[in-house]
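Inside the fold
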Amino acid sequence: MSPVNDDYRKKGLVSARHRIAMAKLALETSDWIRVDPWESEQETWTETVKVLRHHYNESLRLLQSKKEFMKNKWPIERSTEDPLSYQHSVLPELKLLCGADFLQTFKTPNLWKEEHIKEIVGKFGLVCISRAGSDPAQYISESDLLTQFQHNIFLVKEWIRNEISATQIRYALCRGLSVKYLIPDSVISYIAHHNIYTEESERKNEGDLLQPLKLHNTTVNPLND
């Protein structure tokens, strides 16, 4: 999980330090999901493709370090038996996990650069989780670009639907309603202690443009060439 930088300027976006702390609390019992603060710690908002490049390069660096460790651990004569040897090495894969409605954002004018969409979908790939009201297969079929790389877009259907909405949880908190059993108790306690989600916090960045809309000057919709 990579919380976005505060400079993204989304309405109601609370400080990254709070979002990271809450994510860590929520994942305390997970042995396979972790929070990475790198994106949120940059001086300004970082484009998604650059975040993916960073994490991919980190994966390569860790793999290389593990190879070096294994080479030093086993004698040279046993190197052919080493599953992490150069002869048997497999490059890591990195994919962007998202809700199915994320595909729709590629059609938003000025939100994405065409070359970034190509790299995200073509080089890395997407794993899209089904979401009520979204038809990812239709989004793909309506886009020549997404259709070109549909082999790298994996659609995951949730057979037990989880329609919990972060937006609705924030609205409930603003109204003083209970969100118990919707999010971990540790997160609820953190929110209460720091008085995070209030009517005032929901107005933060109100009227501001998202940072990518400010930076991307193109007026061409890349999915409707």
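Here's a quick rundown of the structure. In this text the structure is predicted, and so the values were computed from the model without any measurement.

With that out of the way, let us pick up the pattern of salt bridges. For the structure shown, the criterion picks out 13 salt bridges. Between R34 and D36 there is a salt bridge whose closest N-O contact spans 3.3 Å. Take R34: its relative accessible area is 54%, and that puts it in the exposed class. Residue K50 pairs with E47 through a salt bridge whose shortest N-O separation is 3.2 Å. Given the relative accessible area of 41%, K50 is considered partly exposed. Taking the relative accessible area as the measure of exposure, E47 reaches 10% and is therefore buried. When salt bridges with common partners are traced through the structure, they connect E47, K50 and K113 into a single cluster.

The subject of this paragraph is the sheet that holds strand β1 (residues 96–99). Strands pair in a sheet through their backbones, by hydrogen bonds, and they do so in one of two ways: parallel or antiparallel. Taken together, the three strands give an open sheet; going across it, the order is β1-β2-β3, and neighbouring strands pair in parallel fashion. Each edge of the open sheet is held by one strand with a lone partner, namely β1 and β3 (153–156). Pairwise comparison of adjacent strand axes, ignoring direction, gives a mean angle of 25 degrees for this sheet. Across four bridges, the pairing between strand β2 (residues 126–129) and β3 is parallel. Across the sheet, I129 pairs through a bridge with V156, a residue of β3.

The subject of this paragraph is the packing of helix α1 (residues 16–26) against helix α9 (residues 185–194). For the pair α1 and α9, the least separation of the axes is 8 Å and the interaxial angle reads 155 degrees. By the angle between their directions, the pair α1 and α9 is classed as roughly antiparallel. In terms of crossing hand, the pair formed by α1 and α9 is right-handed. Contacts between α1 and α9 involve R17, H18, A21, M22, L25 and A26 from the former and S186, V187, Y190, I191 and H194 from the latter.

The next thing to look at is the packing of helix α3 (residues 48–73) against helix α5 (residues 114–124). Two quantities define a packed helix pair, namely the angle between the helix axes and the distance between the axes. Direction vectors running N to C along α3 and α5 enclose 35 degrees, while the axes themselves pass 9 Å from each other. Crossing hand, α3 versus α5: left-handed. Within the contact between the two elements, α3 uses T48, V49, L52, R53 and Y56 and α5 uses H116, E119, I120 and F124. Each residue belonging to the contact of α3 with α5 can be placed in one class, and the counts come to five nonpolar, two polar and two charged.

Parameters at a glance
Residues numbered from 1 in each chain as written. Predicted model: local features only at pLDDT ≥ 70, side-chain atom pairs only at ≥ 80, totals over all residues. Heavy atoms only, no water. Salt bridge = Lys/Arg side-chain N within 4 Å of Asp/Glu carboxyl O. Buried < 20%, exposed > 50% of the residue type's maximum accessible area, 1.4 Å probe, protein only. Pairing = 2+ DSSP bridges. Helix = DSSP H or I, 4+ residues; strand = E, 2+ residues; numbered from the N terminus. Axes fitted to C-alpha atoms, helices over the stretch in contact; angles between N-to-C directions. Parallel < 35°, antiparallel > 145°, perpendicular 65-115°, else oblique. Left-handed = near helix turned anticlockwise from the far one by under 90°. Contact = heavy atoms within 4.5 Å. Nonpolar A, V, L, I, M, F, W, Y, C, P; charged D, E, K, R; others polar.

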